[in-house]
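Observations on the three-dimensional arrangement
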Amino acid sequence: MFRSRSWFGGGWGRPKNPHSLEHLKYLYNVLSRNQTVSEHNRGLLVETLRSIAEILIWGDQNDSSVFDFFLEKNMLSFFLRIMRQRSGGSSFVCVQLLQTLNILFENIRNETSLYYLLSNNHVNSIIVHKFDFSDEEVMAYYISFLKTLSLKLNAHTIHFFYNEHTNDFPLYTEAIKFFNHPESMVRIAVRTLTLNVYKVEDASMLAFIRDRTAAPYFSNIVWFIGKHIQELDVCVRNDADHQSQNRLSDLVAEHLDHLHYLNDILCLNITDLNQVLTDHLLHKLLIPLYIYSLSTVRKPTGGVEAITKALNQKLNLNESSSNGGIPHEPSTGKVSCVVALFLLSQVCLIISHSPVVQTVAWIVLKSDRSIYDKGVEKLLEAYENEMKRNGKNEEASGSESSFKDDVVEEHKNITDEEKQRLATTPTESESVSEKPFLETVYNALDCSENDYAALFALILLYAMAYNKGIMPDINEQVLRPKKTYTSKTSSRDVRYTYNTYLVDKLLYIVLLSCQPSCRVRLVTLELALKLLVQLVMADGKSVLLESHKSTIESAKTQSTALLRNFYKSEEIFLDMFEHEYCDMSKTSLNVEWLCMDSAILLPPTGTPMTGIDFTKRLPCGEVERARRAIRVFFLVRNVVLTLNGEMETQLPLTNPQSCVQIDQALDLSISHNSDLIACTVLWKDGTKTRRFLVIDVLQLILVEPDTKRLGWGVAKLVGFLQDIEVTGDKDDSRCLHITIHRPLSGTTTNRVPLLSAKFVFDDNIRCMAAKQRLTKGRIKARQKKMQHIARLLEIPGQSGPPSPAFVGGGIYNRSAGRGLRDRPFGLSRGPGFATPRWESPPGVTHRTDESRRHRDSDPKNLKKDDRTPNRSRDSSSSRTKSREGSPRMPRPRSEEIPLELIKKASNSVIDMTPKIAIVPRPQLKEESEEVEKKPEEEVSISSEETSFIASERRNSKKGGNIETV
């Protein structure tokens, strides 16, 4: 009965310590007694292999005798013997064996232990073993095992894998067989393995790869990419309704992986490999498939050839339509022009190897039709001859001669206008129609119907302009301004020229984008403006011609007029305006990320149901059209400022530097006594906090008194008045429910509340006063910003200085440079401080009192029924006498009613109620009765809790000034 027990189940002779040499010896006995795999012992073998890997990793870090025993017994031979068996259960054991080897080689850190494992060539025997790759699990562990081995490659370990005598390298040759595997994880592992192999600096190994595997491997890669491109083109043609976005996204991602893999190989700077790879890319992929797909319209041929070609095209069209598909010219291997532009853009954005991208750029920008008709070989030959010619010219010409070559010849018998035309438009002398590829790119910039192809043409031009592998002389005059000297004796007389033909195309796109019903997407406009700045900026300044300057200024005017149509006094416009500015200022256009989005390959759509980003599709509805108009205004305005060398001074609407920040110390004596209201903040978690509520021009501030300095406070919470919501409590008239939303952010549209709490005031009067000031403060803050926007949009009747929202018109910021004379009386006193009796300075009176005095003294203004009883006159005289001692200072400008508010309609909300600050002092009986008779008048009562400010000033002299910071 003991035989029926397994070794692990019975436990006979099994060491108690699993991490020990004795345990490894025990496992060796298990392997030696179970060398044949069967259904009965496969579970035992799997557990044994797992335990062996665990002990070897422990021995690598703690006990070297473990590896000595492993090599002494040649335990890897047991692994090979198990793999070569074809009995039942061997596949199950092979999976565990590959997993064990993968874990073992991944975790070993000691080089000596690694050399022990790689000796005796057992690892290479495992690599070349014919596994059952139809099993997905076996395939996954096998390719993972090969990738783990490649990570251990260096100048010392390479000789364990590459046999120079037999000229064999199984790790590399077996791995590249799976470069086209259907599983993406396997393909990625093969690319990682090959890059790890190429990084090893071993001349004999690299020579083996160049002579034996480079040509077939790179040729297969190029063929596979070309086949992949054909699938992508068919997907774009057949998915005009955006129904196969997932499939298209996978194809685009796969092409990006290919390009990054090729760029990684080229960046290793292995001369022999780069030469082989570059030849295959140019001869078999980039020129015949990518570039030649740009020129879809050829020059008409004569007679019979033209008729034959037309008939063939008609037959191909009929055959394809009968099959229900769209022809993609299988005989020539071409793709659509839009797909070709997209693919070339990705090539120029990702690959930076100069021999590749420079050849592509020269063929697209410089090659003419006569060379194009002769084929790929003639194009490459013409490019090589051009490079040799330029090289000889550079060697033959020194610095002085090259300076003379760049000098513009002075023509004595022509006018100044002709001189300017010769200097600024040298490219117009060469017909663009003679350059078939460049002509296609320029024609794609036509946005009369839509910007489908224009976006890819702009991306291609932008990528060529910013690719570091392309020499400046190829881009000069086409994508960059050219610098020429007008004098042979001085290098200071400089004249700049640029591609006026391309600038005209770009300005047309900009002007078209400013029209109400255009079909130009925002991303196309932004990219066109980026390329425009690249074309006309030289040495940090603009070199635009006057005609082009007037065009861009006209575009600014049109964009302003377009946005003016959406200007409304509703709250949603202000929120949209600030949200779009915040979004654009935080995220700039990344062209490389743009090319990773497969959605732009499909025709432009206007519905948000496709999930495409707003900037990459057409607007849908009135709100999105308003958002688009706002962004167009910002983009064009920013470019105009850049070209004029000016700085933005009007945006954003709220200047962060002028706002109060959290934990900022505030001198509470600057604010009005009525604006400081004590309250208790009741948070949602039940905690209570005593704070003072300060209402600034733009902000709501919760202040905690400073324990070190009397009369000062520390801002504990700050929020904008325009973002608050105030509601009363039905059960308690002393409570308000206040919600402060966070400022608009470009990252998310969901505005999480900054504060949502219950505010409890001392009495209902203070509660009503706080609610009134918060409500009116919100309205005024939003009105001021809307007036600021109106000035930006040049709306009539809104001229004037910038609003305090931008220039920093808050109470605490306005009063920093003001003297005591410019502030209302009592501003330097804290709440709760008794008002001193000052005599009025000579010649200084209130405007209200002066106007009342003139009106009362004028007999024309007196009416017959103006005779009031003596009691009212006595009360009026007593009321006047009680205020004779009050100082009569001029009304500050902040209390004057703006002219634009007076001109508003009668239904506009205008706060014209005077703010009366009542401080604790003895009141007359008549005065208290008058206050009770005016319930609608805004009354501010200073809380008793604010008396902590007054204790600082009790020792000051009467009428003295208090220094504030």
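Residues numbered from 1 in each chain as written. Predicted model: local features only at pLDDT ≥ 70, side-chain atom pairs only at ≥ 80, totals over all residues. Heavy atoms only, no water.

1. Quick word on the nonpolar core
- Among the nonpolar cores identified, the biggest contains 201 residues, and Phe169, Tyr217, Phe218 and Tyr290 are the most heavily contacted of them.
- Looking at this core, the element that brings in the most residues is helix H13 (residues 203-237), giving 15 residues.
- The residues touching Tyr217, leaving out its near neighbours within four places in the chain, are Tyr172, Ile176, Phe179, Val190, Thr194, Tyr198 and Tyr261.
- Core analysis: the second largest hydrophobic core is formed by 23 residues, Cys679, Leu693, Leu721 and Phe761 among them. (Core = buried A, V, L, I, M, F, W, Y, C linked by side-chain atoms within 4.5 Å. Buried < 20%, exposed > 50% of the residue type's maximum accessible area, 1.4 Å probe, protein only. Helix = DSSP H or I, 4+ residues; strand = E, 2+ residues; numbered from the N terminus. Contact = heavy atoms within 4.5 Å.)

2. Some details on the pattern of salt bridges
- Within the structure shown, the criterion is met by 31 salt bridges.
- Glu47 is the salt-bridge partner of Arg50, the closest N and O atoms lying 2.5 Å from each other. Residue Arg50 and its partner Glu47 are located together in helix H3 (residues 42-62), separated by three residues, close to a single helical turn.
- The class for Arg50 is partly exposed, based on a relative accessible area of 38%.
- Relative accessible area serves as the criterion here: at 30%, Glu47 is assigned to the partly exposed category.
- Among the ionic pairs, Lys378 bridges to Glu381, the shortest N-O distance being 3.8 Å. (Salt bridge = Lys/Arg side-chain N within 4 Å of Asp/Glu carboxyl O.)

3. Some thoughts on the environment of Thr213
- Relative to the elements of secondary structure, Thr213 occurs in helix H13.
- Overall, Thr213 belongs to the buried group, its relative accessible area being 7%.
- Counting along the chain gives 41 residues from Thr213 to Tyr172, while the straight-line C-alpha distance between them is 9.3 Å.
- Residues in contact with Thr213, not counting those within four places in the same chain, are Tyr172, Thr173, Ile176 and Phe208.
- A distance of 3.0 Å separates the side chain of Thr213 from the backbone oxygen of Ile209, its partner in a polar contact. (Polar contact = N/O pair within 3.5 Å; in protein donor to acceptor, adjacent residues only side chain to side chain.)

4. Examining the packing of aromatic side chains
- This model, assessed by the stated rule, comprises 31 aromatic pairs.
- Aromatic side chains Phe169 and Tyr172 sit 6.0 Å apart centroid to centroid with 25° between the ring planes, which places their arrangement in the stacked category.
- The exposure class assigned to Phe169 is buried, which follows from its relative accessible area of 0%.
- On the numbers, 5.7 Å between centres and 40° between planes, the contact of Tyr217 with Phe218 is tilted.
- Residue classification places Phe218 among the buried residues on the basis of a relative accessible area of 0%.
- Taking NZ or CZ as reference, Arg709 lies 4.0 Å from the ring centre of Trp712, over its face. (Phe/Tyr/Trp six-rings, centres within 6.5 Å; stacked < 30°, edge-to-face > 60°. Lys NZ or Arg CZ within 6 Å of the ring centre and 35° of its normal.)

5. Some remarks on the pairing of strand S11 (residues 735-741)
- Taking burial as the measure, the seven residues of S11 include six buried ones, the bulk of the element.
- Where strand S10 (residues 724-728) folds back on S11, the antiparallel hairpin that results is connected by six residues.
- Here S11 pairs with strand S12 (residues 753-761) via seven bridges, running antiparallel. Among the inter-strand pairings, Cys735 is bridged to a residue of S12, identified as Val760. (Pairing = 2+ DSSP bridges.)

6. Some thoughts on the environment of Ser542
- Tracing the sequence through the fold places Ser542 in strand S4 (residues 541-542).
- Sequence separation between Ser542 and Tyr496 is 46 residues, and the spatial gap between their C-alpha atoms is 9.7 Å.
- Those residues in contact with Ser542 that sit more than four places away from it in its chain are Val536, Met537 and Leu643.

7. A closer look at the packing of helix H2 (residues 21-33) against H3
- Running from N to C, H2 and H3 point in directions that differ by 150°, and their axes come no closer than 10 Å. Classified by the angle their axes make, H2 and H3 are roughly antiparallel. Pair H2 / H3 crosses with left-handed handedness. Mapping the contact onto sequence places His23, Leu24, Leu27, Val30 and Leu31 in H2 and Leu44, Leu45, Thr48, Ser51, Ile52 and Ile55 in H3.
- Looking at the contact of H2 with H3, its residues break down into eight nonpolar, three polar and no charged. (Axes fitted to C-alpha atoms, helices over the stretch in contact; angles between N-to-C directions. Parallel < 35°, antiparallel > 145°, perpendicular 65-115°, else oblique. Left-handed = near helix turned anticlockwise from the far one by under 90°. Nonpolar A, V, L, I, M, F, W, Y, C, P; charged D, E, K, R; others polar.)

8. Details of the pairing of strand S7 (residues 688-695)
- Most of S7 sits out of view: six of its eight residues are buried.
- Note: strand S6 (residues 676-682) against S7, seven bridges, orientation antiparallel. Considered in S7, the bridge of Ile677 is made with Leu693.
- Linking two consecutive strands that pair antiparallel, namely S7 and strand S8 (residues 699-705), is a turn of three residues.

9. A closer look at the confidence of the model for the chain
- Overall, the predicted model of the chain reaches an average pLDDT of 76, with 70% of residues at or above 70.
- Predicted confidence in the chain is weakest over strand S13 (residues 916-918), with a mean pLDDT of 35, and strongest over helix H17 (residues 337-350), with 95.
- Ignoring residues within four places in sequence, the model shows residues 1-11, a span with pLDDT below 50, making 17 contacts including any to other chains.
- Segment residues 859-965: pLDDT under 50, and 134 contacts once partners within four positions in sequence are set aside and those in other chains are kept. (pLDDT = per-residue confidence, 0-100.)

10. Considerations on helix H27 (residues 522-536)
- The terminal C-alpha atoms of H27, which comprises 15 residues, lie 21 Å apart, in line with the 21 Å expected from a rise of 1.5 Å per residue.
- Judged by how many residues are buried, H27 sits mostly within the fold: 12 of 15 residues are covered.
- Looking at H27, one finds that the buried residues are Leu522, Val523, Thr524, Leu525, Leu527, Ala528, Leu529, Leu531, Leu532, Gln534, Leu535 and Val536. (Expected span 1.5 Å × (residues − 1).)

11. Things to note about unusual backbone geometry
- For the peptide bond that leads from Leu651 to Pro652, omega is 0°, which places it in the cis range.
- With respect to the helices and strands, the residue Pro652 is situated in the loop between helix H31 (621-644) and strand S5 (665-667).
- In this structure, Asp539 takes a positive phi of about 55° despite not being glycine.
- Among the structural elements, Asp539 can be located in the loop between strand S3 (537-538) and S4.
- The class for Asp539 is exposed, based on a relative accessible area of 57%.
- In this structure, Asp663 is a non-glycine residue whose phi angle is positive, near 65°.

12. What about the sheet that holds S6?
- Overall, antiparallel pairing links the eight strands, which are arranged S5-S9-S8-S7-S6-S12-S11-S10 in an open sheet. Because the sheet does not close on itself, it has two edges, and the strands there are S5 and S10. Adjacent strand axes in the sheet meet at a mean angle of 40° when their direction is disregarded.

13. Observations concerning helix H12 (residues 184-198)
- Helix length check: H12 (15 residues) gives 21 Å between terminal C-alpha atoms against 21 Å at 1.5 Å per residue, within 8%.
- Where burial is concerned, most of H12 is hidden: 11 out of the 15 residues are buried.
- Taken together, the buried positions of H12 are Val186, Arg187, Ala189, Val190, Arg191, Leu193, Thr194, Leu195, Asn196, Val197 and Tyr198.
- Summarising the contacts, the buried residues of H12 are in contact with helix H9 (136-150), helix H11 (170-175), H13, helix H14 (245-267) and helix H15 (271-291).

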